[in-house]
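Take a look at the letters that make up each chain.
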Amino acid sequence: MAQGTPGDEIIICRDVNKWFGSFHVLRGVDLTVKKGEVLVIFGPSGSGKSTFIRTINRLEEHQRGTIIVDGIELSNDIRNIEAIRSEVGMVFQSFNLFPHLSVLDNVSLAPMWVRKWPRDKAEQTARELLKRVGIPEQADKYPGQLSGGQQQRVAIARALAMQPKIMLFDEPTSALDPEMIKEVLDVMTQLAKSGMTMLCVTHEMGFARGVADRMVFFDNGQIIEQGKPNQIFDNPQHDRTKLFLSQILH
Amino acid sequence: MATVTDTIKPPRSSVGPTGWLRKNLFSSWLNSLLTILALWLIYNLMIGLWGFFSTAQWGVVTANLRLFMAGRYPIEQIWRVEVCVSILVFLLGASWRAWGGIMGQMGMAVGGLLVLLALLPFETNSRLYLLGNVGLLAIGFGAASLIRTRRLWTALWLLSPFVMAALLYGGFADLPVVATDLWGGLLLTFVFAVTGIALSFPLGVLLAVGRQSSYPVIRWFCILYIELVRGVPLITVLFAATLLFPIFLPEGVTVERVVRSIAGFVAFTAAYNAEIVRGGLQAIGRGQNEAAMALGLNPLQTLWLIILPQAIRSVIPAIVGQFVSLFKDTSLVAIVGALELAGIANSVIQQQAFLGRQTEVIVFIAAIYFVGCYAMTYASRRLEKRLGVGER
Ligand SMILES: Nc1ncnc2c1ncn2[C@@H]1O[C@H](COP(=O)(O)OP(=O)(O)O)[C@@H](O)[C@H]1O
Ligand SMILES: [Mg+2]
């Protein structure tokens with residue numbers, strides 16, 4: 001786990017609260033993430049994990065508390081939001097690739113339009129990234145022609161093309177057939193080893209044990225418990241954590 | 001005994017003409033009855049058609065051909081219309097070479113039509129003009145072989161309507177002005193259809209996007225406009241545009257009737273296009289928007305690069321259907337006094353010299369409308385296939 005000076009903190013969340021109508025979905029979340037740290041966030045369905053990581057790139061707005069990402073506090077200022085979004089990559093459960101664009105265009109689009117890179121540079125970078133996620137030969141196909149695992153790897157390449165400082169993963173393997181989960185986890189593991197700051201909502205406990213620096217257990221819109229993987233697996237402090245782990249580990 | 005390698009022939013009755021007949025036309029008692037009924041109907045239709053075509057006298061069409069094509073456009077200026085046709089033929093030839101596919105088929109169809117018309121007993125000059133256009137088609141093809149940059153040809157296509165409009169209207173150099181109120185026939189039908197389509201489409205997209213806007217004022221305005229226009233018949237919109245619209249203009253400003261009716265058409269069709277495009281917009285999942293936002297694309301980029309291309313692609317068939325309606329509905333402007341193809345037909349029918357020849361006139365203009373509509377739907381089917389609607 002990355003240990004460093006307080007200046008190393010890349011995400012700071014203090015007392016984050018959010019309501020959907022009158023439903024209190026996030027109830028005072030406090031979380032600090034250091035540069036290069038890999039977090040696995042887990043917990044029961046509907047506990048607010050997705051909502052929480054989506055507040056970090058402001059796909060969801062929080063209504064009380066503070067979120068500071070890479071030194072910029074999230075507010076309603078649009079320029080702040082777009083600055084942060086281009087520093088934070090996100091991978092969704094349902095891939096959300098752009099079906100009308102080729103794989104290469106999916107990956108090179110944002111660098112060209114947001115970073116204003118020339119096409120040559122964006123496409124070259126895109127090809128390198130596709131090689132890195134193991135599918136260089138699929139560049140000219142369309143997303144609909146790829147398997148789920150390949151699509152999710154394109155989605156990771158697309159997010160990485162913006163050279164983000166932070167990557168958010170929202171259940172990246174939940175929509176995949178079992179035989180394709182590994183190819184995606186391998187890419188994520190490689191990314192973690194390269195020093196990327198990662199927040200992963202996932203229930204892949206093998207990945208958590210092998211790769212995570214810290215695990216965060218979410219329930220009912222709150223962080224119930226967090227710690228290193230062996231501490232969470234071998235010696236969970238809360239009954240809720242114990243119960244949940246026993247359910248997903250059988 | 002048959003081994004695996006033996007090929008087994010199908011039973012006799014299921015192949016060949018008799019097999020086909022039995023399977024498709026006489027498979028059951030009811031099917032046989034329907035087949036006989038259909039044959040009887042076809043027979044009567046043929047008799048009727050034969051009766052018409054064997055006695056038809058096309059003099060009414062040939063004598064009024066110039067009226068049908070260009071209305072009351074002055075005869076000494078008619079070369080300007082002919083130049084416009086030639087510009088289009090030239091560009092079509094070039095596009096045939098540059099793009100192939102649908103452009104090639106259109107090129108072949110137009111070339112074939114020109115040759116066919118040149119074989120008919122028109123005056124020598126007209127036949128030379130028609131053959132000259134066949135030559136231009138070839139020259140365009142050749143030009144595109146030399147200069148193969150598609151961008152150039154796209155730019156020329158986009159430029160051509162403005163060049164043609166300027167040429168037809170005149171008022172510069174030594175060209176006298178030909179007011180649009182003198183334009184008529186097929187020329188006017190085309191002007192209506194092309195400007196109507198070219199303007200109502202972007203306007204419709206704008207209204208559809210506005211209807212989804214998060215700014216209430218914009219949203220309400222778009223909803224009000226769309227629902228208001230969709231709630232009244234086209235003919236009332238045309239009357240409003242031609243009769244009421246001038247009242248709102250400042251003193252001294254006049255807008256020609258043709259331009260006012262085009263405005264009416266655009267206003268009407270845009271509302272329908274907006275509803276079609278809105279359907280396409282709604283079919284796009286929230287995930288697309290979120291993925292684009294998460295990459296840092298701003299809302300305008302997201303709309304332009306991600307949402308609209310998908311939305312429009314999925315509604316191409318419906319939009320083309322709307323364009324076909326517009327093309328046919330141009331015949332309604334006759335009611336507000338613009339003599340396009342149908343209006344001309346109506347006036348030709350009244351000519352003393354050709355009393356009782358209305359069927360020929362109607363068949364003639366119906367054929368023209370049909371060719372136009374069919375070309376559009378055919379092009380749309382090809383486009384759909386190329387863009388893979390329903391696949392990706
Ligand atoms: N846009 C929304 N509007 C209303 N309720 C929502 C919305 N999104 C999520 N919720 C609710 O918020 C709760 C937390 O959702 P979510 O963050 O997706 O949970 P998790 O990812 O942990 O399964 C759920 O009860 C869900 O139904
Ligand atoms: Mg979730």
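In this text, all values refer to a predicted model and were calculated from it rather than measured experimentally.

**What about the overall build of chain B?**
Within chain B, the regular secondary structure consists of 17 helices and zero strands. By its C-alpha atoms, chain B is 95 × 70 × 50 Å across when sized along the principal axes. In chain B, which comprises 392 residues, the share counted as buried stands at 36%. Taking the contacts inside chain B whose residues are at least 6 apart along the sequence as the reference set, 74% of them involve residues at least 24 apart. Accessible surface, chain B as shown: approximately 22,800 Å² in total, 71% of it carbon and sulfur. When the 27 positive and 16 negative side-chain charges of chain B are each reduced to one mean point, those points stand 12 Å apart.

**What about the site of ligand 1?**
Residues and elements named next belong to chain A. Around ligand 1 lies a shell formed by Phe-20, Phe-23, Val-25, Pro-44, Ser-45, Gly-46, Ser-47, Gly-48, Lys-49, Ser-50 and Thr-51. Between Thr-51 and ligand 1, the recorded distance is 2.4 Å, taken from a side-chain N or O atom to an oxygen atom. Here ligand 1 has 560 Å² of accessible area as a free molecule, and 61% of this is covered by the chains. Put simply, the parts of the chain that give the shell around ligand 1 at least two residues each are β2 (23-34) and α1 (49-56).

**A look at the pairing of β2 of chain A**
Residue and element names in this part refer to chain A. Sheet analysis places strand β1 (residues 9-20) next to β2, joined by nine bridges and oriented antiparallel. From the neighbouring strand, Ile-12 faces β2, where its bridge partner is Thr-32. Where β1 folds back on β2, the antiparallel hairpin that results is connected by two residues, among which Gly-21 adopts a positive phi of roughly 65 degrees.

**Some words on the domain arrangement of chain B**
Residues and elements named next belong to chain B. On domain assignment, one finds that chain B holds domain 1 (68-178) and domain 2 (180-392). Taking the mean C-alpha position of each, domain 1 and domain 2 sit 24 Å from one another. Of the residues lining the interface, 16 residues belong to domain 1; the matching set on domain 2 comes to 22 residues. Interface area for domain 1 against domain 2, summed over the two sides, is near 1,500 Å², with a carbon-plus-sulfur share of 71%. When residues of domain 1 are sorted by the area they lose upon contact with domain 2, Phe-68, Met-69 and Arg-72 head the list and together hold 42% of the total. Linking domain 1 with domain 2 are zero salt bridges. Inspection of the domain 1/domain 2 interface yields eleven residue pairs in polar contact (both at pLDDT 80 or more).

**Focus: the sheet that holds strand β6 (residues 88-91) of chain A**
Residue and element names in this part refer to chain A. Taken together, six strands build an open sheet; the order of strands is β6-β7-β8-β3-β9-β10 and the sheet is mixed. Each of the sheet's edge strands pairs with one partner strand only, and the pair in question is β6 and β10 (222-227). Strand-to-strand twist of the sheet, defined as the mean angle between neighbouring strand axes without regard to direction, takes the value 20 degrees. Its contacts with the sheet place helix α9 (residues 239-249) against β3 (38-42), β9 (214-219) and β10, and it is angled at close to 100 degrees to β9.

**Concerning the packing of helix α12 (residues 257-282) of chain B against helix α15 (residues 316-329) of chain B**
Residues and elements named next belong to chain B. Running from amino to carboxyl end, α12 crosses α15 at an angle of 160 degrees, the nearest separation of the two axes being 10 Å. For the element pair α12 / α15, the angle class is roughly antiparallel. Of the two elements, α12 crosses α15, and the hand of that crossing is right-handed. Residues Phe-265, Thr-269, Tyr-272, Asn-273, Ile-276 and Val-277 of α12 lie in contact with α15, whose contacting residues are Ala-318, Ile-319, Gln-322, Phe-323, Leu-326 and Asp-329. When its residues are assigned to classes, the contact of α12 with α15 shows eight nonpolar, three polar and one charged.

**Focus: the side chain of Gln-151 of chain A**
Its place among the elements puts Gln-151 of chain A in helix α5 (residues 148-160). Residues contacting Gln-151 of chain A, with those up to four places away along its chain left out, are Phe-95, Leu-97, Pro-143 and Leu-146 of chain A.

**Details of the sheet that holds β2 of chain A**
Residues and elements named next belong to chain A. Spatially, the four strands line up as an open sheet ordered β2-β1-β4-β5, and their pairing is antiparallel. Every other strand in the sheet has two partners, leaving β2 and β5 (72-73) as the edge strands with one partner each. Note that strand β4 (residues 64-69) and β5 share two bridges and pair antiparallel. Bridging from a neighbouring strand, Val-69 pairs with Ile-72 of β5. Along the sheet, α1 contacts β1, β2 and β4; its crossing angle with β2, the most-contacted strand, is approximately 55 degrees.

**Overview of the pattern of salt bridges**
Within this structure, the stated rule accounts for 16 salt bridges over all chains. A salt bridge links Arg-119 of chain A to Glu-123 of chain A, with the nearest nitrogen and oxygen atoms 3.1 Å apart. Of this pair, Arg-119 of chain A and Glu-123 of chain A are both found in helix α4 (residues 119-132), four residues apart, which corresponds to roughly one turn of the helix. Arg-211 of chain B is the partner of Glu-275 of chain B in a salt bridge, and the nearest nitrogen-oxygen pair spans 2.8 Å. Residue Glu-275 of chain B is located in helix α12, and its partner Arg-211 of chain B is located in helix α9 (residues 185-211); the two are separated by 64 residues in the primary sequence. Judged by relative accessible area, Glu-275 of chain B falls into the buried class, the value being 15%. Each of Arg-54 and Glu-60 of chain A together with Arg-286 and Glu-290 of chain B takes part in one network of salt bridges that share partners.

**Re the packing of α9 of chain B against α12 of chain B**
All names here are of chain B. Closest axis-to-axis distance for the α9/α12 pair is 6 Å, and the angle between their directions is 45 degrees. Here α9 lies oblique to α12, going by the angle between them. For the pair α9 and α12, the sense of crossing is right-handed. Among the residues making up the contact of α9 with α12, the classes are represented as 19 nonpolar, seven polar and three charged.

**So, the environment of Gly-227 of chain A**
Residue and element names in this part refer to chain A. Within the secondary structure layout, Gly-227 lies in strand β10. For the pair formed by Gly-227 and Ile-41, sequence separation is 186 residues and the distance between their alpha carbons is 11 Å. Apart from the residues within four sequence positions on either side, Gly-227 is in contact with Arg-214, Met-215 and Ile-232.

**Focus: the interface of chain B and chain A**
With 20 residues of chain B in contact, the opposing surface of chain A contributes 23 residues. Roughly 1,900 Å² is buried in total at the junction of chain B and chain A, and carbon and sulfur atoms are behind 65% of that figure. Between the two partners, chain B and chain A, sit one salt bridge. Between Arg-54 of chain A and Glu-290 of chain B there is a salt bridge; the shortest N-O distance is 2.6 Å. For the pair chain B and chain A, the number of links is six residue pairs in polar contact (both at pLDDT 80 or more). Of all the elements in the fold, those that place two or more residues in the side of chain B that touches chain A are α13 (286-294) and α14 (299-314) of chain B. Per-element accounting of the side of chain B that touches chain A gives the leading share, eight residues, to α13 of chain B. Of the residues contributing to the side of chain B that touches chain A, the split by class is ten nonpolar, six polar and four charged.

Cut-offs used in this document
- Residues numbered from 1 in each chain as written.
- Chains lettered and ligands numbered in written order.
- Predicted model: local features only at pLDDT ≥ 70, side-chain atom pairs only at ≥ 80, totals over all residues.
- Heavy atoms only, no water.
- Helix = DSSP H or I, 4+ residues; strand = E, 2+ residues; numbered from the N terminus.
- Buried < 20%, exposed > 50% of the residue type's maximum accessible area, 1.4 Å probe, protein only.
- Contact = heavy atoms within 4.5 Å.
- Areas by Shrake-Rupley, 256 points an atom, 1.4 Å probe, with all protein chains shown as cover.
- Lys, Arg positive; Asp, Glu negative; His and termini not counted.
- Charge placed at Lys NZ, Arg CZ, Asp CG, Glu CD.
- Near = heavy atom within 4 Å.
- Polar contact = N/O pair within 3.5 Å; in protein donor to acceptor, adjacent residues only side chain to side chain.
- Pairing = 2+ DSSP bridges.
- Domains from an automatic or database assignment.
- Buried area = accessible area lost by both parts, 1.4 Å probe.
- Salt bridge = Lys/Arg side-chain N within 4 Å of Asp/Glu carboxyl O.
- Axes fitted to C-alpha atoms, helices over the stretch in contact; angles between N-to-C directions.
- Parallel < 35°, antiparallel > 145°, perpendicular 65-115°, else oblique.
- Left-handed = near helix turned anticlockwise from the far one by under 90°.
- Nonpolar A, V, L, I, M, F, W, Y, C, P; charged D, E, K, R; others polar.

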